[in-house]
Each structure stands twice: as C-alpha cells, then as structure tokens.
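Read off the chains here:
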Amino acid sequence: DAGVIQSPRHEVTEMGQEVTLRCKPISGHNSLFWYRQTMMRGLELLIYFNNNVPIDDSGMPEDRFSAKMPNASFSTLKIQPSEPRDSAVYFCASARQGRVTEAFFGQGTRLTVV
Amino acid sequence: DAKTTQPNSMESNEEEPVHLPCNHSTISGTDYIHWYRQLPSQGPEYVIHGLTSNVNNRMASLAIAEDRKSSTLILHRATLRDAAVYYCILAVTDKLIFGTGTRLQVFP
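Everything numeric in this text was worked out from a predicted model, so none of it was measured. (Residues numbered from 1 in each chain as written. Chains lettered and ligands numbered in written order. Predicted model: local features only at pLDDT ≥ 70, side-chain atom pairs only at ≥ 80, totals over all residues. Heavy atoms only, no water.)

## Thoughts on the overall build of chain A
What chain A contains, in helices and strands, is 0 helices and 11 strands. What you see in chain A, going N to C, is helices and strands ordered as β-β-β-β-β-β-β-β-β-β-β. Its C-alpha atoms put chain A at 40 × 25 × 25 Å along the principal axes. Taking the contacts inside chain A whose residues are at least 6 apart along the sequence as the reference set, 54% of them involve residues at least 24 apart. Total accessible area computed for chain A in this model is approximately 5700 Å², and 49% of it derives from carbon and sulfur atoms. For chain A, the distance from the average site of its 12 positive side-chain charges to the average site of its 12 negative ones is 5 Å. (Helix = DSSP H or I, 4+ residues; strand = E, 2+ residues; numbered from the N terminus. Contact = heavy atoms within 4.5 Å. Areas by Shrake-Rupley, 256 points an atom, 1.4 Å probe, with all protein chains shown as cover. Lys, Arg positive; Asp, Glu negative; His and termini not counted. Charge placed at Lys NZ, Arg CZ, Asp CG, Glu CD.)

## Concerning the interface of chain A and chain B
The interface is formed by 20 residues belonging to chain A together with 16 residues belonging to chain B. Counting each side, the surface lost to burial between chain A and chain B is near 1500 Å², with a carbon and sulfur contribution of 54%. Counting across the interface, chain A meets chain B through 1 salt bridge. A salt bridge links Lys95 of chain B to Asp56 of chain A, with the nearest nitrogen and oxygen atoms 2.9 Å apart. On inspection of chain A and its partner chain B, the count reaches 4 residue pairs in polar contact (both at pLDDT 80 or more). At the level of elements, β4 (31–38) and β5 (42–50) of chain A are the ones that each hand at least two residues to the side of chain A that touches chain B. Among the residues forming the side of chain A that touches chain B, the class breakdown is 9 nonpolar, 9 polar and 2 charged. (Buried area = accessible area lost by both parts, 1.4 Å probe. Salt bridge = Lys/Arg side-chain N within 4 Å of Asp/Glu carboxyl O. Polar contact = N/O pair within 3.5 Å; in protein donor to acceptor, adjacent residues only side chain to side chain. Nonpolar A, V, L, I, M, F, W, Y, C, P; charged D, E, K, R; others polar.)

## Description of unusual backbone geometry
With omega at -10°, the peptide bond leading from Ser7 of chain A into Pro8 of chain A counts as cis. Topologically, Pro8 of chain A is positioned in the loop between β1 (5–7) and β2 (10–13). Of note, the bond from Gln80 of chain A into Pro81 of chain A is cis; its omega dihedral lies within 30 degrees of zero at -5°. Along the chain, the position of Pro81 of chain A falls in the loop between β8 (74–79) and β9 (88–95). Of note in the backbone geometry, Asn52 of chain A takes a positive phi value of approximately 75° without being a glycine. In this model, Ser41 of chain B sits at a positive phi of 60°, which is unusual for a non-glycine residue. Within the element layout of this structure, Ser41 of chain B appears in the loop between β3 (32–38) and β4 (45–50). Looking at Ser41 of chain B, the relative accessible area reads 69%, which means it is exposed. (Buried < 20%, exposed > 50% of the residue type's maximum accessible area, 1.4 Å probe, protein only.)

Given below as structure tokens:
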C-alpha cells in the first residue's frame, strides 16, 4: 500500500482565496483524521471521521474551515476564505476503527497564505 | 482528556539505550498509553502502545508503572535516525491528542 496520500505537498495562496487540501486514506481504513501543525500550537486535531461520517469537529477553528468525506477513499479540507494565520502543515491520518492506536499519517501539506 | 507530562528535550549518544519518561497521574482505567514519534519534515508515526503490561515490538519497549501513573519508552540502541520528537498520548476513544512531546537528540 502506498500509505496515506496527501495533495498538494505545498500550496502558496493569497489571502482571501479558497484552498482545498486532499487526502486518500489507506484502503480498508475507516477512520480518518485531519490535523494542523504550527510552531506555536503544535499538532491540533481538527476533525475526524468514522465510516465517512464526521464524529468530532470540535477542533475546527472557525466556519471558514470545512471537511468532507464523500467516500471511503477520499477526503477534503477546505478553507474559504484563507488568512495568513492559516499557514501551517496540515496532516491527514487514517486507521482501522478500533485500532486507532496505529494511525498512519501522510506526508502533510505545507500551506502558506500570503 | 487525561494529560501527560514529558521533558522538553533529551540527549543520547548513538548505540546507547534511551529511556523517555512520561507522567500521566490522572490516567483512567480505560486509557491506553500510546507513543508516536515525528521525524524531521515527516508526519507522526506510531511506535508502540499498551494498557497495563509492558510491551515490546521491533521499534521499542514500553514499560508501564504498576499504578499506571507513569510509563517509559525504551529505545534499546539509539541510532541517528531515532532523532525525533516523541509523543506520549493517552486515549480511550478515537481521539489522539498530541502534547508537546520530547525532542530527542542523538549524537554520533
């Protein structure tokens, strides 16, 4: 398996633009997580899904952020409109439900909003 | 979520054992103890987990105190590739909440 695949690896966008980050989880995994990492705040859990259903989105910072999982093999994290403080590395991770102790992370998307 | 306390940084020499401590005095009976690590410029990766008994795998060993209020991740022979931030996490549900971790430096 290729592991968790995130795209793009790097994204530079202007303030106010819409940004969409993409994630393909490992086949057979039915839990998916979105994290954000910054120097100031460390690794923050934004949202997680079980069987394509959002279970806990309490970490989503504000209404500008939204996440979807239309099927078991694809998820998106959208920021609209983007702001410079959204600059961070965004990680997607997947796991078998009930085996979350062994979550597998993607390589991350480094987002820069200028 | 129960809180963990780890030293900010530790140092080791290559090929020496490393003991990374974690305190979790408010752990509940159903909390699993997880360890993840994050190598430079990579996403976190799973290392090991346990509930009550000590655990071993190909990467490391996990020693859990009898009262479960602390645990220690043991790298038996540190290599330069083990330089990373190590996170100790408590979780019973699907939520893995990362703290600040311990930054391990390994010197040749």
